[in-house]
Amino acid sequence: MKISQLQPGKLTDAQMTELLYNNMEDDHKKGDCIFVPGSSKAVIYRLPKAVELYKNGRSKKILFSGGVVWEDAVLTEAELLRNKAIEMGIPDEDIIIEKESLHTKENVLASLLVLDRALGLHNIQRLIVVTTNIHMRRMHLSLKTFMPPWISFSLCMVDDKTTTQGNWFEYPYGRKRVEMEVEKIINYVKLGYIMDEEIAISD
C-alpha cells in the first residue's frame, strides 16, 4: 500500500509499527560519509553510534547537521555534536558540520551544499545514516526525495528509551511521539513534501 493511501488516526498499533520500523535494517556496507541529523538528545543517542561506525571503519568522514540551539545551550546541534565527537576521539579534520537547518527537510537540503563543498556530490555513492528508529522512515524518505539519485543509503537506527519497536505502545509519551510521527509522514507525503512509497501494511 502507498503511504498516501493511509489515514492518520485510523491505523492500528501494528500498522503504525510497520510504517515506522519495518524493513529499515542496516546493510553493513561502507560509505563515503556518516550522516547524523541533530536533535535535542542526539548527543546521547545518535552520536555514540556514529562514533562506533567511524571507529569500525564504515566511513572516514562524519557530517553533523543541525542549526537548532536548544534551551540551556549556546551552540547549535551540529557544533555540540562535533565537540563531543572530538572528545570521543574523532579527528576534527574528519568532521563536517552543517549548522543552518532547523528540521529534517532542511537537514537534507542544507547538507547538499556542505557535502558538495567538502567531498563533491559526484564523489559520494553512499551515505551511512544515523538517527533514532522513530525518525528513520521520514529521514530516509527525505534523503531519497532531495539527494541525487546515484547516492545510496545505509540505515543505522538507534534506540531511545520509550520509542523502540517493541515498547513504544507501553508508554504514554512513546505512543504520543509515534502517533505524531505517523501523522507527519502521511501528511508530508500527501502534501508532496516527501516522496510517496509502497509500504507493506497488514490488514
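Note that the structure is predicted; figures quoted are calculated from it, not measured.

*Asks:* Any details on the overall build of the protein chain? Residues and values, ideally.
*Replies:* Along its length, the protein chain carries 6 helices and 5 strands. Traced from its N-terminal end to its C-terminal end, the protein chain shows the element sequence α-β-α-β-α-β-α-β-α-β-α. The C-alpha atoms of the protein chain give a radius of gyration of 17 Å, which matches the 17 Å a tight globule of 203 residues would have. The long-range fraction of contacts in the protein chain, counting pairs at least 24 apart against all pairs at least 6 apart in sequence, stands at 76%. If the 26 positive side-chain charges of the protein chain are averaged to one point and the 29 negative ones to another, these points end up 2 Å apart.

*Asks:* Give a description of the environment of Val74 that names residues and reports values.
*Replies:* Along the chain, Val74 turns up in the loop between strand E2 (62–65) and helix H3 (77–87). Judged by relative accessible area, which is 75%, Val74 ranks as exposed. Between the C-alpha atoms of Val74 and Phe153, which are 79 residues apart in sequence, the distance is 32 Å.

*Asks:* Requested: an account of helix H2 (residues 42–55), with residues and values cited.
*Replies:* Think of an α-helix as 3.6 residues a turn; residues three or four steps apart then line up on the same face. A rise of 1.5 Å per residue sets the reference length of H2, with its 14 residues, at 20 Å; its end C-alpha atoms lie 18 Å apart and thus fit the reference within 8%. If you check which residues of H2 are buried, you get Ala42, Tyr45, Arg46, Leu47, Ala50, Val51, Leu53 and Tyr54. The inward-facing, buried residues of H2 contact strand E1 (33–37), E2, H3, strand E4 (126–132), helix H5 (133–146) and strand E5 (152–158). A positive phi of about 85° marks Gly57, the residue just after H2.

*Asks:* Any details on the packing of aromatic side chains? Residues and values, ideally.
*Replies:* What the rule picks out here adds up to 2 aromatic pairs. Between Trp168 and Phe169 the ring centres are 5.5 Å apart and the planes differ by 75°, which places this aromatic pair in the edge-to-face class. Taking relative accessible area as the criterion, Phe169 reaches 36% and is therefore assigned partly exposed. Between Tyr188 and Tyr193, the aromatic rings sit 5.7 Å apart at their centres with planes inclined by 50°, giving tilted as the arrangement.

*Asks:* Go over the pattern of salt bridges, please, and point to the residues and values.
*Replies:* Any two side chains of opposite charge can pair, so long as their charged atoms come close to each other. Scanning the entire structure with this criterion turns up 12 salt bridges. Across the pair Arg138 and Glu181 runs a salt bridge whose closest N-O atoms are separated by 2.7 Å. Taken together, the residues Arg138 in helix H5 and Glu181 in helix H6 (residues 172–191) connect sequence positions 43 residues apart. Here Glu181 falls in the buried class, since its relative accessible area comes to 6%. Note that Arg177 is salt-bridged to Asp160, the shortest N-O span being 2.8 Å. Separated by 17 residues along the polypeptide, Arg177 in helix H6 and Asp160 in the loop between E5 and H6 bring together distant segments of the chain. Owing to a relative accessible area of 25%, Arg177 belongs among the partly exposed residues under this scheme. Residue classification places Asp160 among the buried positions, given a relative accessible area of 10%. Each of Asp13, Arg175 and Glu179 takes part in a single network of salt bridges with overlapping partners.

*Asks:* Please set out the nonpolar core residue by residue, giving values where relevant.
*Replies:* In terms of nonpolar packing, the biggest core is built from 21 residues, with Ile34, Val36, Ile62, Phe64, Ile90 and Val130 touching the most fellow members. Listing elements by their share of this core, those giving two or more residues are E1, H2, E2, H3, strand E3 (95–98), E4 and E5. Looking at this core, the element that brings in the most residues is H2, giving 7 residues. If sequence neighbours within four positions are ignored, Ile62 has contacts with Cys33, Ile34, Val36, Ala50, Tyr54, Ile90, Asp94, Ile95 and Ile96.

*Asks:* Before we move on, could you go through the side chain of Thr76 and cite the residues and values that matter?
*Replies:* With respect to the helices and strands, Thr76 occurs in the loop between E2 and H3. The exposure class assigned to Thr76 is buried, which follows from its relative accessible area of 9%. With residues up to four places along the chain from it excluded, the contact list for Thr76 reads Gly66, Gly67, Val68, Val69 and Lys99.

What counts and how
- Residues numbered from 1 in each chain as written.
- Predicted model: local features only at pLDDT ≥ 70, side-chain atom pairs only at ≥ 80, totals over all residues.
- Heavy atoms only, no water.
- Helix = DSSP H or I, 4+ residues; strand = E, 2+ residues; numbered from the N terminus.
- Rg over C-alpha atoms; globule rule 2.2 N^0.38 Å.
- Contact = heavy atoms within 4.5 Å.
- Lys, Arg positive; Asp, Glu negative; His and termini not counted.
- Charge placed at Lys NZ, Arg CZ, Asp CG, Glu CD.
- Buried < 20%, exposed > 50% of the residue type's maximum accessible area, 1.4 Å probe, protein only.
- Expected span 1.5 Å × (residues − 1).
- Phe/Tyr/Trp six-rings, centres within 6.5 Å; stacked < 30°, edge-to-face > 60°.
- Salt bridge = Lys/Arg side-chain N within 4 Å of Asp/Glu carboxyl O.
- Core = buried A, V, L, I, M, F, W, Y, C linked by side-chain atoms within 4.5 Å.

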